[in-house]
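Geometric and topological summary
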There are 2 protein chains.
Amino acid sequence: MTAPRKTPIWKEISRALRADIAEKIYTEGDKLPTEAELAARFGVNRHTVRHALKSLIEDGLLRSRRGAGVYVTAAPTDYPIGRRVRFHQNVLAGGQTPQKRILHIDHRPASDGEAQALKLPLRAPLVVYHGISLADDHPIALFSSHFPAELLPGMADALRETSGVTEALKRCGVSDYTRISTRISARIATATQANHLHTQEGAALIYTTGVNVDPDGTPVEFGQTWFAADRVTLTFDSPD
Amino acid sequence: MTAPRKTPIWKEISRALRADIAEKIYTEGDKLPTEAELAARFGVNRHTVRHALKSLIEDGLLRSRRGAGVYVTAAPTDYPIGRRVRFHQNVLAGGQTPQKRILHIDHRPASDGEAQALKLPLRAPLVVYHGISLADDHPIALFSSHFPAELLPGMADALRETSGVTEALKRCGVSDYTRISTRISARIATATQANHLHTQEGAALIYTTGVNVDPDGTPVEFGQTWFAADRVTLTFDSPD
């Protein structure tokens with residue numbers, strides 16, 4: 001376990017401003033209050049405010065315009081969940097450029113929960129793809145995707161070559177897939193997750209798990225995703 | 001803003017055990033490791049472990065059986081989201097007894113976002129119901145429900161008498177309603193929210209907003225809900 005630690009004031013300010021942006025109190029294109037105004041709001045000096053703003057600029061939430069102040073660059077991106085969940089299309093539909101970055105690709109036996117989700121025998125071999133999803137070069141989510149290795153020979157290589165799940169499945173003969181169920185919870189970011197997501201330890205993450213099946217109803221993917229809650233809002237429109 | 005503070009070790013342990021229960025590493029009916037084993041796992045003394053367990057027992061996640069150890073009482077309750085979202089039925093379906101507790105009921109003008117969600121003129125009068133949702137006497141969510149006051153005369157009194165949204169809407173002539181959209185994010189609990197939810201400041205909350213409409217498509221409720229992520233998992237099954 002991690003030792004208790006004191007949160008520096010600039011991090012608290014940065015967290016409060018992130019929450020304001022997530023709540024759309026400040027939305028895309030808005031000018032933030034001046035450093036002097038923020039210093040008054042938080043009861044700190046301008047140096048501390050500048051430190052907080054710098055961290056948000058580095059994370060792509062704010063942009064500094066020389067002599068004109070600091071502007072909000074990004075409101076949380078809407079991310080529709082439903083029968084056809086496609087990272088690539090979802091991010092494109094939000095007007096951003098999608099990209100996946102491979103962290104590592106494992107071969108290992110399924111845990112009980114993974115085997116159950118994929119309707120596999122206990123300890124069946126899996127290919128597990130750990131990676132980062134980016135929109136316009138900024139990380140928006142971490143994911144672990146679990147594939148049945150025996151059903152999908154060559155999947156690990158296909159993932160290494162394409163980095164995209166849809167394309168890799170296609171190379172393994174799965175031309176289409178649909179989401180049969182999604183479970184949604186929330187987590188707080190660990191230090192490692194925060195580091196990958198360019199956010200802070202203890203930040204709010206949306207945690208989802210889901211199963212995708214091929215047109216015959218055979219599970220082809222069990223996925224876990226941790227979305228940075230200040231960058232993504234899941235949306236669900238009820239069908240008529 | 002809150003001052004930075006040191007998290008006591010027992011709270012860190014309690015948080016780690018909550019996460020284990022949320023991840024279903026320990027599920028309903030499981031016996032936890034002994035105090036001695038937990039003390040070894042976390043590198044602390046048994047007194048500290050006992051303090052952490054006591055807080056989880058008070059919150060209803062664990063139960064102590066005299067001389068037999070500590071058992072997990074509750075796995076996160078599944079909470080389906082879809083076209084017909086009903087707190088009462090959802091909790092009953094999970095085998096638990098639902099209850100709503102009124103915190104306070106306000107009359108106030110709509111904010112821009114609230115007016116937009118309810119398709120009302122700017123600053124239209126609202127009835128706002130702040131409350132706590134409980135399952136088997138344990139708090140599982142905080143909510144703020146916003147109703148158009150002019151469309152629903154008598155709504156505040158109906159809520160005070162029934163404490164349930166479905167029943168109060170019925171008394172105001174809305175015999176049925178459906179959810180047209182749900183947005184889902186995550187937040188970390190403030191001190192006040194943690195207090196109401198019997199959890200810890202900084203704990204993960206699932207944050208949802210949604211709009212309900214009457215059979216004519218007129219918005220009758222804009223709701224915000226903060227679910228304790230260690231007690232509720234939102235589920236979404238794709239329609240065929």
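Residues numbered from 1 in each chain as written. Chains lettered and ligands numbered in written order. Predicted model: local features only at pLDDT ≥ 70, side-chain atom pairs only at ≥ 80, totals over all residues. Heavy atoms only, no water.

Digging into the overall build of chain A
If you tally the helices and strands in chain A, you get 8 helices and 10 strands. For the C-alpha atoms alone, the extent of chain A along its principal axes is close to 60 × 45 × 35 Å. Residues counted as buried form 54% of the 240 residues belonging to chain A. In chain A, the proportion of contacts linking residues at least 24 apart, taken out of those at least 6 apart, comes to 57%. Summing over all exposed atoms, chain A offers an accessible surface of approximately 11100 Å²; the carbon and sulfur share of this is 50%. Each charge sign in chain A was given a centre, from 29 positive and 27 negative side chains, and these centres are 5 Å apart. (Helix = DSSP H or I, 4+ residues; strand = E, 2+ residues; numbered from the N terminus. Buried < 20%, exposed > 50% of the residue type's maximum accessible area, 1.4 Å probe, protein only. Contact = heavy atoms within 4.5 Å. Areas by Shrake-Rupley, 256 points an atom, 1.4 Å probe, with all protein chains shown as cover. Lys, Arg positive; Asp, Glu negative; His and termini not counted. Charge placed at Lys NZ, Arg CZ, Asp CG, Glu CD.)

A word on the relation of the copies chain A and chain B
When chain A is fitted to chain B, the best match, at an RMSD of 0.1 Å, comes from turning it 180° and sliding it 0.0 Å along the axis. Such a combination of turn and shift is consistent with a two-fold rotation axis. Mapped onto chain B, 100% of the interface residues of chain A again fall at the interface, so both copies present the same surface. (Least-squares fit on C-alpha atoms with pLDDT ≥ 70 in both.)

Quick word on the packing of helix α1 (residues 9-22) of chain A against helix α3 (residues 46-58) of chain A
Residue and element names in this part refer to chain A. Two elements in contact, α1 and α3, have axes whose closest approach is 8 Å; the angle formed by their N-to-C orientations is 55°. As judged from the angle between their axes, α1 and α3 are oblique. Relative to α3, the crossing made by α1 is right-handed. On α3, the residues touching Ile9, Trp10, Ile13, Ser14, Leu17 and Arg18 of α1 are Thr48, His51, Ala52, Leu53, Ser55 and Leu56. In terms of residue class, the contact of α1 with α3 is made up of 7 nonpolar, 4 polar and 1 charged. (Axes fitted to C-alpha atoms, helices over the stretch in contact; angles between N-to-C directions. Parallel < 35°, antiparallel > 145°, perpendicular 65-115°, else oblique. Left-handed = near helix turned anticlockwise from the far one by under 90°. Nonpolar A, V, L, I, M, F, W, Y, C, P; charged D, E, K, R; others polar.)

Some details on the nonpolar core
Formed by 34 residues in total, the largest nonpolar core has its most connected members in Leu234 of chain A together with Leu234 of chain B. Discounting residues that sit within four places of it in the chain, Leu234 of chain A has contacts with Tyr79, Ile81, Ile184, Ile206, Thr208 and Phe227 of chain A together with Thr182, Arg183 and Ile184 of chain B. (Core = buried A, V, L, I, M, F, W, Y, C linked by side-chain atoms within 4.5 Å.)

Points about the side chain of Arg18 of chain A
Mapped onto the fold, Arg18 of chain A is located in helix α1. Not counting residues up to four positions away in its chain, the partners in contact with Arg18 of chain A are Leu56, Asp59, Leu61, His198, Thr199, Gln200, Asp230 and Arg231 of chain A.

Some details on the domain arrangement of chain A
Frequently, the measure chosen for interface size is the accessible area removed from exposure when the parts meet. Residue and element names in this part refer to chain A. Per the domain assignment, the segments of chain A are domain 1 (9-72) and domain 2 (77-235). Computed from C-alpha coordinates alone, the two centres of domain 1 and domain 2 are separated by 32 Å. Taking both partners together, domain 1 and domain 2 bury about 750 Å²; carbon and sulfur atoms supply 39% of that area. Considering only the side of domain 1, the residues that lose the most area to domain 2 are Arg15, Arg18 and Asp59, jointly responsible for 54% of the buried surface there. Arg18 is the salt-bridge partner of Asp230, the closest N and O atoms lying 2.6 Å from each other. Across the side of domain 1 that touches domain 2, the residue classes break down as 2 nonpolar, 2 polar and 4 charged. (Domains from an automatic or database assignment. Buried area = accessible area lost by both parts, 1.4 Å probe. Salt bridge = Lys/Arg side-chain N within 4 Å of Asp/Glu carboxyl O.)

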